[in-house]
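Structural overview
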Amino acid sequence: MFRLSGQILKNGKVIASCVSRQEGTENRTKKVYTALEEICHHFDLPVPIWLPTRIREFQTRSKTTFLSDSFMEEISFDGLEIQVIEE
């Protein structure tokens, strides 16, 4: 099982969180994209853009935070943090 945690951060605090569980034979990248879409749907957010800095950070730490520059629309929080919690 693959689990990805999503947390909305505002003023240094977690204001909402959820976990997406993915099963199946898809590769890790597909599971991450599917889980991120599920998390964004849960929070009623647009799916953020994977900027090169976010990709590198996620590849090395299995964790990244999407800031306002990753969203096409204005957001009312500081960032969306995602982290792999089980592979």
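Everything discussed here concerns the structure shown above.
In this report, we go over the structure that sits alongside the text. Since the structure is predicted, the reported quantities are computational estimates derived from the model, not experimental observations.

Focus: the overall build of the protein chain
Along its length, the protein chain carries two helices and four strands. Going residue by residue from the N terminus, the α and β elements of the protein chain occur as β-β-α-α-β-β. For the protein chain, whose C-alpha radius of gyration is 12 Å, the value lies close to the compact-globule estimate of 12 Å for 87 residues. Overall, the C-alpha framework of the protein chain stretches about 35 × 25 × 20 Å when taken along its three principal axes.

Quick notes on helix H1 (residues 28-43)
Over its 16 residues, H1 extends 22 Å from the first C-alpha to the last, a length consistent with the 22 Å expected when each residue adds 1.5 Å. For H1, the full list of buried residues reads Lys31, Val32, Ala35, Leu36, Ile39, Cys40 and Phe43. Down the axis of H1, the smallest arc covering the buried residues is 165°, so these residues share one side. Buried positions along H1 lie against strand S1 (2-10), strand S2 (13-22), helix H2 (52-61), strand S3 (63-66) and strand S4 (79-86).

Some remarks on the side chain of Ser20
One can find Ser20 in strand S2. Polar contacts involving the side chain of Ser20 include one to the side chain of Gln22, which spans 2.8 Å. Polar side-chain contacts of Ser20 include one of 3.1 Å to the side chain of Glu38. Beyond its immediate chain neighbours, meaning those up to four positions away, Ser20 contacts Phe2, Arg3, Leu4, Ala35, Glu38 and Ile39.

Focus: the pairing of S2
Where S1 lies against S2, nine bridges are found, and the strand directions are antiparallel. Bridge assignment links Gly6 to a residue of S2, and that residue is Cys18. In this structure, the hairpin formed by S1 and S2 is closed by a connection of two residues, where Asn11 is found at a positive phi of approximately 55°.

Considering the pattern of salt bridges
Taken as a whole, this structure holds four salt bridges when the rule is applied. The partner of Arg54 in a salt bridge is Glu57, with the nearest N and O atoms 3.5 Å apart. You can see Arg54 and its partner Glu57 sitting in helix H2, three residues apart, about one turn around the helix. The class of Glu57 is partly exposed, set by a relative accessible area of 21%. Glu57 is the partner of Arg61 in a salt bridge, and the nearest nitrogen-oxygen pair spans 2.7 Å. Here Arg61 and its partner Glu57 are both found in helix H2, four residues apart, which amounts to about one turn of the helix. Given the relative accessible area of 48%, Arg61 is considered partly exposed.

Conventions adopted
Residues numbered from 1 in each chain as written. Predicted model: local features only at pLDDT ≥ 70, side-chain atom pairs only at ≥ 80, totals over all residues. Heavy atoms only, no water. Helix = DSSP H or I, 4+ residues; strand = E, 2+ residues; numbered from the N terminus. Rg over C-alpha atoms; globule rule 2.2 N^0.38 Å. Expected span 1.5 Å × (residues − 1). Buried < 20%, exposed > 50% of the residue type's maximum accessible area, 1.4 Å probe, protein only. Arc of directions from axis to C-beta. Contact = heavy atoms within 4.5 Å. Polar contact = N/O pair within 3.5 Å; in protein donor to acceptor, adjacent residues only side chain to side chain. Pairing = 2+ DSSP bridges. Salt bridge = Lys/Arg side-chain N within 4 Å of Asp/Glu carboxyl O.

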